[in-house]
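Residue-level listing of the chains:
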Amino acid sequence: MSEKYIRRSSQIAARMLGGEMMIMSVKDSTFFTLDSVATAIWQAADGRSSLTEIVASKICSQFDVSLETAVRDAEVFVQELAGHGILQISDRPIMNAEQTRGAQ
Amino acid sequence: MSLLAEMNQRALHFGVPLSVHLDVTYRCNERCVHCYLDHDDHGEMTTAEIKDVLTQLSEAGSFLLTISGGEVFMRRDLFEILEYARGLLFNVKLKTNGVMIREREAKRLREIGVEQIQISIYSHRPEVHDAITKLPGSLKRTIDAIRFLRAQGLKVTIANVLMSENFADYAGVIALAKNLGASYTVDPTITPKIDGDRSILRLNIEESDLRQVFRDPALVDDVEKFCAPPPPPGEDVMEGYPCSAGHTSCYISPYGDVYPCVAFPLPSGNLRQQTFLDIWHGSAELKQVRSIRAKDLTTCSSCAHVGSCSRCPGLAYFEGSMYGPSSADCQKSFQRTGIPSANMLRSGQGQRSASGPLIQIQPMDHSVPMVVSSWEQNNLTA
């Protein structure tokens, strides 16, 4: 399977609240909350780092999970977010990455 | 409970101002007969000051940002403000009359990522709408603006404030909204002017009209349920908060003044003198607002409607006490259910209160469930 690169969409609103990330698509007002693991992936989605790199550095370094399992789970997760338009997925690095300052 | 409602509960638990209404100007290009604002510039915050406020709000955890006025497009730096807010990942809702929105502005709003634009329309007939705004040609320009916004795929809500002048036209505005692909919200609410002047309350619709609104299936999903007598209040009701004002939401004026809500003019601090968090956590006024439970309300705590009334603490404050009744909401409860409020029984009134009826209904779009919400969420764009 080819490597994947992910980038946060500019068409979202987001804020941390009590350890969870609130995200709302400004296109269709769909509202999500992400747990700490999903938040770590989402925050690292800069378009330049591969999903494997993100999972290795943000997930496997903190949780007792194999890289293969974590990447497989992450791929499902990012596909779901991409389906709602709050993440972009590409087979190559996504340039002109996110300009937003990141949720507090 | 919806996910957003859960987040609101969480914000309440953590003391986070989840929702903020920021007026960037009181200046306006219309002169609506019912407007509660003056239209002079008494020293608006600069672009830099507003950006600093937005940064502080994002750091405080605010997420839902309503930018309003006055007419927001009277500020030449509006797009700079919006871009900055979106850069901080706020969910931005804009309230405007739309008169200054053309194709170019609509495109920029879409590019910036404004989530929703609320636009006031008073009638589908130019002679009625323009007489209320006192701006000839305003209905046409506003409808053109909605078309430009919809062409960009932006969500538009038409806010229809009802008065004696335009009550007969709300069905026409509903049809117009449907034709334009916009949502519709109706608000038979005239509020006292921000300086306390109550003269414009004479514009309020009649009691019979209010009853009609409450019982119109075009506006209310389940009339029977909506107008049913209130259930006896439980302990959770008596320990509950009147509304989100000062708890998870607040209002900031163009001059940096902080209030619990746009409809609750209790000065709680100024952002030119203190940081937002110093005001939010330290203001004696906000602490007082937060301390009030339903059981603490004079008169209302013994009212049959205490658990279902839309009592607005801001209107109660206008009437003399934030602990007291809001007679406008007494009328709402009475017209909705036919059961007089404790305040009405005490004062021996069955007649219309001095401040007139107050309600908000947000149905019509068909994807949005019927909501009769509290005052602070009202459509108060001038």
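Now for a look at the structure at hand. (Residues numbered from 1 in each chain as written. Chains lettered and ligands numbered in written order. Predicted model: local features only at pLDDT ≥ 70, side-chain atom pairs only at ≥ 80, totals over all residues. Heavy atoms only, no water.)

### What about the overall build of chain B?
Of the regular secondary structure elements, chain B holds 15 helices and 8 strands. In terms of C-alpha radius of gyration, chain B reaches 20 Å, essentially the compact-globule figure of 21 Å for 382 residues. Overall size of chain B, expressed as C-alpha extent along the three principal axes, is 55 × 50 × 40 Å. For chain B, the share of sequence-separated contacts (at least 6 apart) that also reach a separation of at least 24 residues comes to 70%. Taken as two groups, the 38 positive and 44 negative side-chain charges of chain B have centres that lie 3 Å from each other. (Helix = DSSP H or I, 4+ residues; strand = E, 2+ residues; numbered from the N terminus. Rg over C-alpha atoms; globule rule 2.2 N^0.38 Å. Contact = heavy atoms within 4.5 Å. Lys, Arg positive; Asp, Glu negative; His and termini not counted. Charge placed at Lys NZ, Arg CZ, Asp CG, Glu CD.)

### Notes on the overall build of chain A
Within chain A, the regular secondary structure consists of 3 helices and 6 strands. The secondary structure elements of chain A, listed N-terminal to C-terminal, are β-β-β-β-α-β-α-α-β. What you see for chain A is a C-alpha radius of gyration of 13 Å, in line with the 13 Å of a compact globule of 104 residues. The C-alpha extent of chain A, read off along each of the three principal axes, is 35 × 30 × 20 Å. Per-residue burial for chain A yields a buried fraction of 47% across its 104 residues. The long-range share in chain A, meaning contacts at least 24 apart out of those at least 6 apart in sequence, stands at 59%. Counting only carbon and sulfur atoms, one obtains 47% of the accessible surface of chain A, whose full area is about 5,200 Å². Between the mean site of the 10 positive side-chain charges and the mean site of the 13 negative ones, chain A shows a separation of 10 Å. (Buried < 20%, exposed > 50% of the residue type's maximum accessible area, 1.4 Å probe, protein only. Areas by Shrake-Rupley, 256 points an atom, 1.4 Å probe, with all protein chains shown as cover.)

### Regarding the sheet that holds strand β2 (residues 12-17) of chain A
All names here are of chain A. If you walk across this open sheet you meet the 3 strands as β2-β3-β4, and the pairing is antiparallel. Either end of the sheet is taken by a strand with one partner, and the two such strands are β2 and β4 (31-34). When the angles between neighbouring strand axes are averaged without regard to direction, this sheet yields 20°. Sheet topology places β2 next to strand β3 (residues 20-25); 6 bridges connect them, and they run antiparallel. Note that in β3 the partner of L17 across the bridge is E20. (Pairing = 2+ DSSP bridges. Axes fitted to C-alpha atoms, helices over the stretch in contact; angles between N-to-C directions.)

### Quick look at the packing of helix α8 (residues 207-214) of chain B against helix α14 (residues 327-337) of chain B
Residues and elements named next belong to chain B. Two elements in contact, α8 and α14, have axes separated by 9 Å at closest approach and are oriented at 65°. Considering only the axes of α8 and α14, their crossing is right-handed. Here E207, L210, R211 and F214 of α8 lie close against α14, whose contacting residues are Q331, K332, Q335 and R336. Tallied by class, residues from the contact of α8 with α14 come to 2 nonpolar, 2 polar and 4 charged. (Left-handed = near helix turned anticlockwise from the far one by under 90°. Nonpolar A, V, L, I, M, F, W, Y, C, P; charged D, E, K, R; others polar.)

### As for the environment of A:V37
Residue and element names in this part refer to chain A. You can see V37 is positioned in helix α1 (residues 36-43). Judged by its relative accessible area of 28%, V37 falls in the partly exposed class. Along the backbone, V37 and S50 are 13 residues apart, and their C-alpha atoms lie at a distance of 16 Å. In this structure, V37 is in contact with I59 and F63, ignoring residues within four places of it in sequence.

### Considerations on the packing of helix α6 (residues 138-151) of chain B against helix α7 (residues 170-180) of chain B
All names here are of chain B. Their axes nearest at 10 Å, the elements α6 and α7 cross at an angle of 35°. Residue-level contacts link I143, I146, R147 and R150 of α6 to L176, N179 and L180 of α7. Residues of the contact of α6 with α7, tallied by class, amount to 4 nonpolar, 1 polar and 2 charged.

### Here's the deal with the interface of chain A and chain B
On the chain B side, the residues contacting the 24 residues of chain A number 25 residues. Across the chain A/chain B interface, buried area totals approximately 2,100 Å², and carbon plus sulfur atoms make up 60% of it. There are 1 salt bridge connecting chain A and chain B. Where chain A touches chain B, the interface holds 12 residue pairs in polar contact (both at pLDDT 80 or more). Those elements that place two or more of their residues in the side of chain A that touches chain B are β2, β3 and β4 of chain A. Ranked by the residues each element gives to the side of chain A that touches chain B, the list is headed by β2(A), at 5 residues. Class assignment for the residues of the side of chain A that touches chain B results in 11 nonpolar, 8 polar and 5 charged. (Buried area = accessible area lost by both parts, 1.4 Å probe. Salt bridge = Lys/Arg side-chain N within 4 Å of Asp/Glu carboxyl O. Polar contact = N/O pair within 3.5 Å; in protein donor to acceptor, adjacent residues only side chain to side chain.)

### Examining the sheet that holds strand β2 (residues 64-68) of chain B
As summarised here, the arrangement of the 8 strands in space is β6-β5-β4-β3-β2-β1-β7-β8 (chain B), forming an open sheet in which the pairing is mixed. Sheet topology places β6 (183-187) and β8 (258-259) of chain B at the edges, where each strand pairs with a single neighbour.

### So, the packing of aromatic side chains
Per the counting criterion, the structure on display carries 8 aromatic pairs over all chains. With 6.3 Å between their ring centres and 45° between their planes, A:F31 and B:F63 make a pair best called tilted. Residue A:F31 is located in strand β4, and its partner B:F63 is located in the loop between α2 (47-60) and β2; the two belong to separate chains. Using a relative accessible area of 14% as the deciding quantity, one classes A:F31 as buried. Geometrically, the ring pair formed by B:F276 and B:W280 is stacked, given 6.0 Å between the ring centres and 15° between the ring planes. Of this pair, B:F276 and B:W280 are both found in helix α11 (residues 276-282), 4 residues apart, which corresponds to roughly one turn of the helix. (Phe/Tyr/Trp six-rings, centres within 6.5 Å; stacked < 30°, edge-to-face > 60°.)

### Structural notes on the pattern of salt bridges
All names here are of chain B. Within the structure shown, the criterion is met by 17 salt bridges over all chains. One salt bridge connects E80 with K51, and the closest N-O pair in it is separated by 2.7 Å. Here E80 is found in helix α3 (residues 78-87), whereas its partner K51 is found in helix α2, with 29 residues between them in sequence. Accessibility expressed as a relative area gives 23% for K51, which makes it partly exposed. For R75, the salt bridge identified is with D77, shortest N-O distance 2.8 Å. By the burial criterion, R75 is buried, and D77 matches it. Taken together, the salt bridges that share partners define one network made up of R27, E44, R75 and D77.

### Side note on α14(B)
Residue and element names in this part refer to chain B. Of all 11 residues making up α14, 11 are buried, and the element is well covered by its neighbours. Residues of α14 that are buried: S327, A328, D329, C330, Q331, K332, S333, F334, Q335, R336 and T337. The inward-facing, buried residues of α14 contact α8, α9 (223-226), α13 (313-319) and α15 (342-347). Note on α14: the residue one or two positions beyond its end, G338, has a positive phi of about 80°.

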